[in-house]
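Single-letter residue listing:
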Amino acid sequence: MRYFILCILIVVLSGCKTGGNKEAFQKEVQSFLDAYNQQYQKLLTASSETQWTLNTHIVEGDSSAKIASQKAEEAYAAFTGSKSVIEKSRKYLEQKENLLPLQEKQLKAILFIAGNNPETAADVVKKRIAKQNTQIEAMYGFKFMMNGKEVTPNKLDDILRESKDLKERTAAWTACKEVGKPLKNGLVELRDLRNQSVQALGYKDFFDYQASEYNLSTPELRKITQGMISDSWELYRELHTWARYELAKKYNQPVPEYLPADWLPNRWGQDWTAMVNVEGLDIDPFLKKQKPEWITKKGEEFYQSIGFPALPASFWEKSSLYPVPENAGYKKNTHASAWHIDYDKDVRSLMSVETNTEWWGTVLHELGHIYYYMTYSNKDVPVVLRGGANRAYHEALGSMMGLASLQKPFLNGLGMIEGNTTSNDTMMMMKEALDFVVHIPWGSGTMTEFEYQLYSQNLPKDKFNTAWWDLVKKYQGIVPPAARGEEYCDAATKTHINDDAAQYYDYSMSNVLLFQFHDHIAKNILKQDPHATNYWGNKGVGEFLQKIMYPGASVDWREHLKASIGSDFSAKPMMDYFSPLMAYLKKANQGRTYTLPERPELNP
């Protein structure tokens, strides 16, 4: 059936006219784009539905979801990567001087999508889809075992956040990494298949392909990511030194030269916020009295308070928001995510909400994505351009809401803390830095450079783990609790390596963007200190956000940023925000030994 539909579409769209007047040419192009968008949306929806099932209802031994997903993805790939679509888009772009700007933007997006599914590499694309689905199934269906008993990922995370027992911590950290073993061979195959898929349309490799969506080459992108590390390194170095001494005191151990991975409150050392409990701003006691549903509904209330609409009824009916009940007979992906099923009204979230501070911020973050989806799904944005201005915009707006949701005036206004509560503002900044700043050497360094080596330099399989830990030590100053041989694949324990590959730098770029947006909101809309804002109920904040969100990917991200806040991409607002913390850390670290170099050792 899908081939019949494809053939009909090709016949309808045949006969590109390169002559004639400009108006007739634009009309012809628009007919092609209208037909493409309609079929694209239909096939994307079918694929998304099967992927949703694959991620939310994993039954050991049942391959029906994987088979259905593979068929839907193959149909999507056959259409988006068809020779007819590629040739026609290229022909139209040869006359770009006769195109409307929005038409040119759509044609370039169509070619980018085709780059991952070219018909000229149809067999490779089919194998890649099958392998990725197998990898996802293996990853999220994995049984985590600790001390001979099955444990949930949430339980392992709880131990790493809360336990002071080093033996228990080491056991939990080690258990987290076991999933990498069965994923290693699949990652090798995925690397090769991803590269072959995009090389068929002229990209150097999969990393180069992903960078091109930003309209950047691989060297240009790596210059930006390495630049973010350089700009934030002085502060990260202070945080690293502080953490070594504080954790040694906590565990009653000698101060280590580098941070042991199992001492940190996160599996990958990407987020150290649980190291700090801000006195007066501990909302866990309040949240523990609520139900998980309270958090999600309060998140919706917040967005409504600044002028966004209520979530559609289908969001509540179709989302998977809470942990799978014990003995349910199935598992699900436990990584929080937002889904735009049909690139229109069907929006959903996959979460495992529990009543704690982390999930409070996560819910606000994920709903930020949902409202971005809803806002750019409008008559002025064609389906193929319904995405963020760039991929980092999505994360920036979601993360900014997570930041805002934990500031004192915001919490005070909701009654989550007492009105006369005094708090340590420096420690609040510390907690924020242990999230947003700590993430940069991880996201722009470890993750980005590993995937650069994996895809662009064809990293050998027998060097995966060595390369990984070399990067972790170099960029993050973290070492494993014991030797990690090549029987492991610790990179593959991170979900994005498997199913959202070669674009993790989005998160680092989003951290820079979010402070640019937040700084603008605080100073120009709220007229408040960026460290103590309350977005709740301010329609001006909502109007600003909707203006950013409305055009989706129909605009150039650099121009859109400049038009929105009056400045170019820059880490300066982030560093300005944390300048009081820098002064505090320099004083706290006086007399302590630094083990990270004064300047980062950046890759060429």
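Calculation rules
Residues numbered from 1 in each chain as written. Predicted model: local features only at pLDDT ≥ 70, side-chain atom pairs only at ≥ 80, totals over all residues. Heavy atoms only, no water. Helix = DSSP H or I, 4+ residues; strand = E, 2+ residues; numbered from the N terminus. Rg over C-alpha atoms; globule rule 2.2 N^0.38 Å. Buried < 20%, exposed > 50% of the residue type's maximum accessible area, 1.4 Å probe, protein only. Contact = heavy atoms within 4.5 Å. Areas by Shrake-Rupley, 256 points an atom, 1.4 Å probe, with all protein chains shown as cover. Lys, Arg positive; Asp, Glu negative; His and termini not counted. Charge placed at Lys NZ, Arg CZ, Asp CG, Glu CD. Salt bridge = Lys/Arg side-chain N within 4 Å of Asp/Glu carboxyl O. Pairing = 2+ DSSP bridges. Arc of directions from axis to C-beta. Polar contact = N/O pair within 3.5 Å; in protein donor to acceptor, adjacent residues only side chain to side chain. Axes fitted to C-alpha atoms, helices over the stretch in contact; angles between N-to-C directions. Parallel < 35°, antiparallel > 145°, perpendicular 65-115°, else oblique. Left-handed = near helix turned anticlockwise from the far one by under 90°.

Draft legend 1. Fine view of the overall build of the protein chain. Regarding its fold elements, the protein chain presents 26 helices and 6 strands. Taken against the 2.2 N^0.38 rule, which gives 25 Å for 604 residues, the C-alpha radius of gyration of the protein chain at 24 Å falls within 12% of a compact globule. The C-alpha extent of the protein chain, read off along each of the three principal axes, is 75 × 55 × 50 Å. For the protein chain, buried positions account for 58% of its 604 residues. For the protein chain, the share of sequence-separated contacts (at least 6 apart) that also reach a separation of at least 24 residues comes to 78%. Carbon and sulfur atoms make up 50% of the accessible area of the protein chain, which amounts to about 24800 Å² in all. For the protein chain, the separation between the mean place of its 70 positive charges and that of its 74 negative charges on side chains is 1 Å.

Draft legend 2. How the structure looks around the pattern of salt bridges. Evaluation of the coordinates by the stated rule reveals 29 salt bridges. Glu 246 serves as the salt-bridge partner of Lys 249, at 3.7 Å between the closest nitrogen and oxygen. Of this pair, Lys 249 and Glu 246 both sit in helix H11 (residues 218-251), 3 residues apart, which is roughly one turn of the helix. Assessed through its relative accessible area of 59%, Lys 249 is described here as exposed.

Draft legend 3. Seen up close, the pairing of strand E5 (residues 347-350). Residues Val 347 and Ser 349 point to one face of E5 and Arg 348 and Leu 350 to the other, with burial holding for every one of them. Taking the residues between adjacent antiparallel strands as the criterion, strand E4 (residues 337-340) and E5 are bridged by 6 residues, where Tyr 343 takes a positive phi near 55°.

Draft legend 4. Region of interest: unusual backbone geometry. Here Asn 215, not a glycine, exhibits a phi torsion of approximately 60°, which is positive. Phi is positive for Asn 252, which is not a glycine, with a value near 55°. You can call Asn 252 exposed: its relative accessible area is 69%.

Draft legend 5. View of helix H24 (residues 557-565). Here H24 has its buried residues at Trp 557, His 560, Leu 561, Ser 564 and Ile 565. The buried residues of H24 occupy an angular sector of 100° when the element is viewed end-on, so they sit on one face. Turned more than 90 degrees from where H24 packs its buried face, Glu 559 and Ala 563 sit exposed. Buried residues belonging to H24 abut helix H16 (391-404), helix H22 (505-526) and helix H23 (539-549). Capping the start of H24 is the job of one residue whose side-chain oxygen sits 3.0 Å from the backbone nitrogen of Arg 558: Asp 556. Phi turns positive, to about 80°, at Gly 566, one or two residues after H24.

Draft legend 6. Highlighting the packing of H22 against H23. Running from N to C, H22 and H23 point in directions that differ by 140°, and their axes come no closer than 10 Å. By the angle class used here, H22 and H23 are oblique. Crossing hand, H22 versus H23: right-handed. Contacts from Phe 517, His 520, Ile 521, Ile 525 and Leu 526 in H22 reach Gly 540, Val 541, Phe 544, Leu 545 and Ile 548 in H23.

Draft legend 7. Quick peek at helix H26 (residues 579-588). Three or more residues of H26 are buried, namely Leu 581, Met 582 and Leu 585. Taken end-on, H26 shows its buried residues confined to a sector of 105°, consistent with a single buried face. For H26, exposure combined with an orientation more than 90 degrees from the buried face picks out Ala 583 and Lys 587.

Without other data, these values stay purely geometric and don't point to any function.
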